[in-house]
Amino acid sequence: MASLSVKPGQRLTVPDWKNNSYLISADAERHRSASHQIRQEARALRNDTGNQAKWDESDSRTLLNDRITSVNRWREVLAKCLQDTDFEIDALTKVKEAAEDALQAKNLWLDVAIECLTFRESRRNIDVVRDPVEEELHREVKVIERTKKELQQRVDEAFKQLCCLKEAWQQLNFDHQHKVEALELDQQCLSFNVTSGNISFKVNPTRIPNGTTALREWEENSQRNKDNADREMKASTELRGATMLTIAQTNNELEAQRVATEFALRKRIRDMEGALSELRWQEQNTLEEIAEMEEDIRQLEEDLRKRTLDLKVAHTRLEIRTYRPHVELCRDQAQYGLTGEVQQLEAAIRALQKKRTESQDALDALYRQLHRIQTDIGYKTNSLQLDNKCMDTRRKLMIPVEKFDPEVDAVNRTRNLPRNSRLEL
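Residues numbered from 1 in each chain as written. Predicted model: local features only at pLDDT ≥ 70, side-chain atom pairs only at ≥ 80, totals over all residues. Heavy atoms only, no water.

Examining the overall build of the chain
For clarity, the threshold we go by: Helix and strand definitions here come from DSSP, where helices need a minimum of 4 consecutive H or I residues and strands a minimum of 2 consecutive E residues; each element is numbered from the N-terminal end. Relative accessible area decides the class of each residue, using a 1.4 Å probe on protein chains only: under 20% of the type maximum gives buried, over 50% gives exposed, and in between gives partly exposed. Throughout, a contact is declared for two residues whenever any of their heavy atoms are within 4.5 Å.
A count of helices and strands for the chain gives 5 helices and 0 strands. Ordering the α and β elements of the chain from the N terminus gives α-α-α-α-α. By residue count, 28% of the 425 residues in the chain fall in the buried class. Taking all contacts inside the chain whose residues are at least 6 apart in sequence as the whole, residues at least 24 apart take part in 87%.

Below, the structure is given as structure tokens:
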């Protein structure tokens, strides 16, 4: 009888087998329990970090809104102060020019008085006496010289005050511009979210940049600029009142020259207004042509983009067809058609690019011409303002000195100056 073959090797007992199964089950249970615990902790952590991130982002958004409100409030205050300072600069400039005109007019008074004294020196014999007329003429010379000294002092004070006003205006303007820039940056920050395309990691974003100021220092700076401007405007108002009072006490002009000069000024103003009307008509037509040309360029670029996409499609088709196997790689009608399409599209793109270049050159020429027109309009507008200003200044020639009511109110700052007029210091 043949014997039963037995596989050599270790033989385990049934308890070992059962013990192994128990260990596997226990380990599986333990790992599942550990995994469940980790999952629960991960969910809790996700909820905590998500909620914390939402609250932090909400707090940051609230703080940004508060900061924008604060900066915008100061921006409005500074803008109002800038406008008031502009008004005061214009008003004081008007008063200073009126004082200079009055000072210049006193030269004629002095010339007339001296000429009269010179004429009287030609008297002969017994008529060469020191009579009351000569005494009054000498007294008039002294009064004119004292008046000129007072007016010159007012002109010097007005110039110095204009320098102070301009400096205060510059400080306000810098502060206002900085706040406008800060508002734009904060509003840009407020618009960011997780779907924004321009967010990225930055190097050391929590650093404190050089030149960083404290909040109190920031507010004190704006308050200091505003207070300084208010102080200079108050001083300017008082100076204008004193200057206009001095002008009102000494002002007088010659009637004949006033008529001739004002006639020439009125004629010049009419000619200037006609030239400005023609230039503005040319400017409007040029602007309309620029708008049409820009629209045509946009259409050309759109067509160029479409033809480029068509060319990409044709190129892709030709490239893919190069992978046809063996004899299938033949120059069939489709191949000729695609090749012709590529050539036609390339020619069309070149033509469109050339036309776009020509259109852009034409548009640049239009912009250069528009700049010339607008520059000429600026020159003529400035000349017209100056001529109108001369007419306003010469208004006191028609009114007696004792009844002269200055166009610029020294208290209320009312005047008819252009809003964009500035004094170049």
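Further notes follow.
Here we look at the pattern of salt bridges
The following threshold applies: Salt bridge, as applied in this entry: a Lys or Arg side-chain nitrogen positioned within 4 Å of an Asp or Glu carboxyl oxygen.
Across all of its chains, the model carries 13 salt bridges by this definition. Note that Arg 240 and Glu 88 form a salt bridge whose closest N and O atoms lie 2.6 Å from each other. Placement of the pair is Arg 240 in helix 3 (residues 215–250) and Glu 88 in helix 1 (residues 14–120), with a sequence separation of 152 residues. For the pair Arg 240 and Glu 88, a shared accessibility class is recorded, and that class is buried. Across the pair Arg 307 and Asp 310 runs a salt bridge, and its minimum N-O distance is 3.2 Å.

Observations concerning the layout of surface pockets
Under the convention used in this document: Site definitions follow a grid-based scheme: protein atoms alone, a 1 Å grid, a 1.4 Å probe that fits but cannot get out for cavities, and for pockets an open set with protein on both sides within 12 Å along at least five of seven lines, plus lining residues having an atom within 4 Å of a point. Grid points are joined across faces, edges and corners, and a volume is the space filled by probe spheres set on the points. Under this grouping Gly is polar, as are all residues other than the nonpolar Ala, Val, Leu, Ile, Met, Phe, Trp, Tyr, Cys and Pro and the charged Asp, Glu, Lys and Arg.
By volume, the largest pocket amounts to about 600 Å³. Lining the largest pocket are 23 residues, with Arg 67, Ala 182, Thr 212, Thr 213 and Trp 218 sitting closest to its centre. Those elements giving two or more residues to the lining of the largest pocket turn out to be helix 1, helix 2 (132–191) and helix 3. Residue contributions to the lining of the largest pocket peak at 9 residues, all from helix 2. Grouping the amino acids of the lining of the largest pocket by side-chain chemistry returns 10 nonpolar, 8 polar and 5 charged.

Points about the nonpolar core
Test applied: The definition of a nonpolar core used throughout is a set of buried Ala, Val, Leu, Ile, Met, Phe, Trp, Tyr and Cys residues joined through side-chain atoms within 4.5 Å.
One finds Cys 81, Ile 89, Leu 92, Leu 165, Leu 172 and Ala 229 to be the most contacted residues of the largest nonpolar core, which totals 20 residues. If we ignore the near neighbours within four places in the chain, the residues touching Leu 165 are Thr 85, Glu 88, Ile 89, Leu 92, Glu 232, Met 233 and Ser 236. Judged by nonpolar contacts, the second largest core, of 10 residues, contains Val 342, Leu 345, Ile 349 and Leu 352.

Examining the UniProt feature "coiled-coil region" (unreviewed entry) in the chain
Where we set the bar: UniProt positions are given in the numbering used here, feature names are shortened, and annotations may be inferred rather than shown by experiment.
Under the local residue numbering, the UniProt record ascribes the feature "coiled-coil region" (unreviewed entry) to residues 134–161, 276–310 and 342–369. Along residues 276–310, the helical share is 100% and the strand share 0%, with 50 Å between the first and last C-alpha atoms. Overall, residues 342–369 shows 100% helix and 0% strand. The separation of its end C-alpha atoms is 40 Å.

Concerning the side chain of Asp 175
Checked against the element boundaries, Asp 175 lands in helix 2. Asp 175 sits in the buried class, given a relative accessible area of 6%. Ignoring any residue separated from it by four or fewer positions in sequence, one finds Asp 175 in contact with Leu 78, Asn 221, Ser 222 and Asn 225.

Considerations on the side chain of Arg 240
Quick reminder of the rule: We define a polar contact as two N or O atoms separated by no more than 3.5 Å, with the added condition that, inside protein, one atom must be a possible hydrogen donor and the other a possible acceptor, whereas residues neighbouring each other in sequence contribute only through side-chain atom pairs.
On the accessibility criterion, Arg 240 (0% relative accessible area) is buried. Among the polar contacts made by the side chain of Arg 240, one reaches the side chain of Glu 88 at a distance of 2.6 Å.

Here's the deal with the packing of aromatic side chains
Stated precisely, the cut-off is as follows: Here a pair means two rings of Phe, Tyr or Trp (six-membered ring of Trp) with centres within 6.5 Å. Their orientation is stacked below 30 degrees between planes, edge-to-face above 60, and tilted elsewhere. In this scheme, Lys NZ or Arg CZ marks a charge over a ring once it lies within 6 Å of the ring centre and within 35 degrees of the ring normal.
On inspection of all chains with the given rule, the structure shows 0 aromatic pairs. Above the plane of the ring of Trp 218 lies Arg 67, whose end atom (NZ or CZ) is 4.0 Å from the centre. Here Lys 166 stacks its cationic end above the ring of Trp 169, 4.6 Å away from the centre of that ring.

So, the environment of Val 143
Mapping Val 143 onto the fold places it in helix 2. Looking at Val 143, the relative accessible area reads 36%, which means it is partly exposed. Separated by 107 residues in sequence, Val 143 and Thr 250 place their C-alpha atoms 9.9 Å apart.

Regarding the confidence of the model for the chain
What counts, and what does not: Each residue gets a pLDDT score, which is the predictor's confidence in that residue and runs from 0 to 100.
Predicted confidence across the chain gives a mean pLDDT of 77, with 76% of residues reaching 70 or more. When mean pLDDT is compared element by element in the chain, helix 3 scores highest at 87, while helix 4 (residues 255–321) scores lowest at 79. Considering only residues more than four positions removed or in separate chains, one finds that residues 253–258, a stretch of pLDDT under 50, has 9 contacts. When the criterion is pLDDT under 50, residues 399–425 qualifies, and its contacts beyond four places in sequence or with other chains add up to 64 contacts.

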